[in-house]
Amino acid sequence: LRGPRQAATRMQRSLRTSAAGDAVATLAARRRTAPARARGHGSARTETGAAPARRSGGSGRRLRRVCMAMANATAGEGCELPRTWSGMDDVVVSGGYRALLLDQFGVLHDGKVPYPGAIECLRSLRSRHGVKTVLISNSSRRAALTARSLAAMGFDEDLFDAVVTSGELVHQGLEQRTAAPWDSLGRRVFHVTWSARGTISLDGLGLTVVDSIGDADFVLLHGVEGVAESKGGVREVPYVELEAMLRDAAKSRPDVPLVCANPDFETVAGGRAVKAMPGALAKAYKDAGGTRVVLVGKPEPLIYSRCVETAAALGVADAKEIAAVGDSLHHDIGGAAGAGIDSVLVACGIHADKLRRESEPPESARVAE
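Residues numbered from 1 in each chain as written. Predicted model: local features only at pLDDT ≥ 70, side-chain atom pairs only at ≥ 80, totals over all residues. Heavy atoms only, no water.

Considering the environment of valine 92
Counted only if it meets this: The way it works is that DSSP assigns letters per residue, a run of H or I at least four long becomes a helix, a run of E at least two long becomes a strand, and they are numbered from the N terminus. When checking whether two residues touch, look at their non-hydrogen atoms; a contact exists if any pair is within 4.5 Å.
By secondary structure assignment, the location of valine 92 is in helix H2 (residues 88-95). Considering only alpha carbons, one finds valine 92 and valine 131, 39 residues apart in sequence, at a separation of 8.2 Å. Among residues more than four places away in sequence, those in contact with valine 92 are Tyr97, Leu100, Leu125, His129 and Val131.

Listed below in structure tokens is the structure:
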């Protein structure tokens with residue numbers, strides 16, 4: 001970083017890569033007394049507040065720029081600056097972490113199969129260090145369904161102490177309606193959901209599905225593949241048409257609430273492919289003039305509060321002993337920073353192409369270590 005170092009901020013920057021070219025960049029978001037912002041930072045900022053990395057130079061320099069960009073975003077917040085670790089064993093031991101909040105897509109698996117060594121890594125962390133593992137996911141599905149989907153990939157249920165999903169929080173909010181924003185929502189819903197992946201059930205919530213946004217008390221985003229019909233079933237609608245539909249609705253009735261059960265903009269979908277997600281539709285609605293957008297999930301505070309409560313119930317009450325592991329700067333790293341929790345950025349997920357990573361994944365044994 002250019003400019004003087006601040007007394008309360010230590011720059012810890014080292015880049016260590018495995019033989020497969022893997023690297024894990026971490027952003028420690030532990031809150032301290034906020035010092036003045038270091039001088040000399042560039043004025044350009046990305047959505048996360050970080051200075052964008054340039055494309056020139058070798059892969060090592062590119063990753064350094066990413067780490068420095070994250071450091072720029074947090075230097076004024078009194079946070080420790082990024083460092084790199086060679087594996088999760090090193091993360092847990094050197095950081096003194098007793099609980100991990102684990103993202104799934106881009107961290108544990110690519111949407112279809114586990115990443116090499118991911119299952120072994122979880123078993124090692126739990127058996128060798130007694131780490132509590134809490135899955136924190138922006139999945140629009142309920143926690144039990146998410147756990148079963150992971151089990152089908154080979155992630156046995158005993159690998160996780162708890163599962164917290166944005167879909168579960170939305171279901172509970174609509175079911176209980178004891179606090180804002182749930183208590184003010186009507187019962188007539190325009191439901192944007194999944195089709196090929198399987199729709200999200202609204203059974204037991206006392207909601208009436210309507211076929212037109214104009215007839216709805218609120219819009220509910222669970223997926224991006226179609227619209228639930230009042231007679232039952234799902235009518236498939238291309239993403240571009242869904243976006244246009246929501247933009248038009250925001251212009252004509254901007255005060256209609258929109259609840260998004262998955263704030264992700266995109267996700268990995270096998271290999272390096274990415275797929276648009278409900279968060280992108282919510283953003284389009286807001287950008288077009290929608291004034292009441294409710295995001296449930298990362299990076300919003302509610303899901304982190306629930307995870308911290310869950311960790312405390314598991315015996316880890318000190319937030320300094322918790323680290324969140326994810327692959328999205330905006331959702332995982334930004335969300336953890338806002339919650340005052342340390343975070344680890346896994347570079348093989350959603351930002352893999354931007355980081356110009358090697359195409360070969362790390363060796364399983366190396367990851368497990």
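Re helix H9 (residues 329-339)
Note the cut-off: Summary of the burial criterion: residues with accessible area below 20% of their type's maximum are buried, those above 50% are exposed, and those between are partly exposed, where the area comes from a 1.4 Å probe applied to protein chains only. Here a polar contact means two N or O atoms within 3.5 Å. Within protein one must be a hydrogen donor candidate and the other an acceptor candidate, and residues neighboring in sequence count only if both atoms are side-chain atoms.
Along H9, the positions that sit buried rather than exposed are Leu329, His331, Asp332, Ile333, Gly335, Ala336 and Ala337. The N-capping residue of H9, defined by a side-chain oxygen 3.4 Å from the backbone nitrogen of histidine 330, is serine 328.

Some points on the packing of aromatic side chains
What counts here: Two rings belonging to Phe, Tyr or Trp (six-membered ring only in the last case) form a pair when the distance between their centres is within 6.5 Å. Interplanar angles under 30 degrees mark stacking, angles over 60 mark edge-to-face geometry, and anything in between is tilted. Here, over-ring charges are defined by two tests on the NZ atom of lysine or the CZ atom of arginine: distance to the ring centre within 6 Å, and angle to the ring normal within 35 degrees.
Evaluated as defined, the whole model comprises 1 aromatic pair. Relative to phenylalanine 160, the ring of phenylalanine 155 lies with its centre 6.5 Å away and its plane at 40°, an arrangement referred to as tilted. Each member of the pair, phenylalanine 155 as well as phenylalanine 160, is classed as buried. If you follow arginine 197 out to its NZ or CZ, it ends over the ring of tryptophan 194, 4.4 Å from the centre.

A look at the packing of helix H5 (residues 166-176) against helix H8 (residues 301-313)
To be explicit about the condition: Only C-alpha atoms enter the line fits that serve as axes; for helices the fit covers just the stretch in contact. Angles between N-to-C directions range over 0 to 180 degrees. Orientation labels follow simple angle bins: below 35 degrees gives roughly parallel, above 145 gives roughly antiparallel, 65 to 115 gives roughly perpendicular, and whatever is left gives oblique.
Two elements in contact, H5 and H8, have axes whose closest approach is 10 Å; the angle formed by their N-to-C orientations is 100°. In this view, H5 runs roughly perpendicular relative to H8, as classed from their interaxial angle. Contacts between H5 and H8 involve Ser166, Leu169 and Gln172 from the first element and Leu302, Ile303 and Arg306 from the second.

A word on the nonpolar core
Formally: Here, the term nonpolar core denotes a set of buried Ala, Val, Leu, Ile, Met, Phe, Trp, Tyr and Cys residues that are joined through side-chain atoms within 4.5 Å.
With 30 residues, the main nonpolar core has Leu101, Val170, Leu174, Phe218, Leu220 and Val259 as its most contacted residues. Those elements that place two or more of their residues in this core are strand S3 (99-102), strand S4 (132-137), strand S5 (162-165), H5, strand S8 (218-221), H8 and strand S15 (322-326). Ranked by residue count, the leading element in this core is H8, at 4 residues. The contacts of valine 170, once residues within four sequence positions are left out, are Trp182, Leu220, His222, Val259, Ala261 and Val296.

Brief notes about unusual backbone geometry
Here alanine 180 and proline 181 are connected by a cis peptide whose omega angle stands at 0°. Considering the arrangement of structural elements, one finds proline 181 in the loop between H5 and strand S6 (188-193). The omega torsion across lysine 298 and proline 299 is 10°, close enough to zero to call that bond cis. Structurally, proline 299 can be placed in the loop between strand S14 (293-295) and H8. Even without being a glycine, arginine 177 presents a positive backbone phi close to 50°. With respect to the helices and strands, arginine 177 occurs in the loop between H5 and S6.

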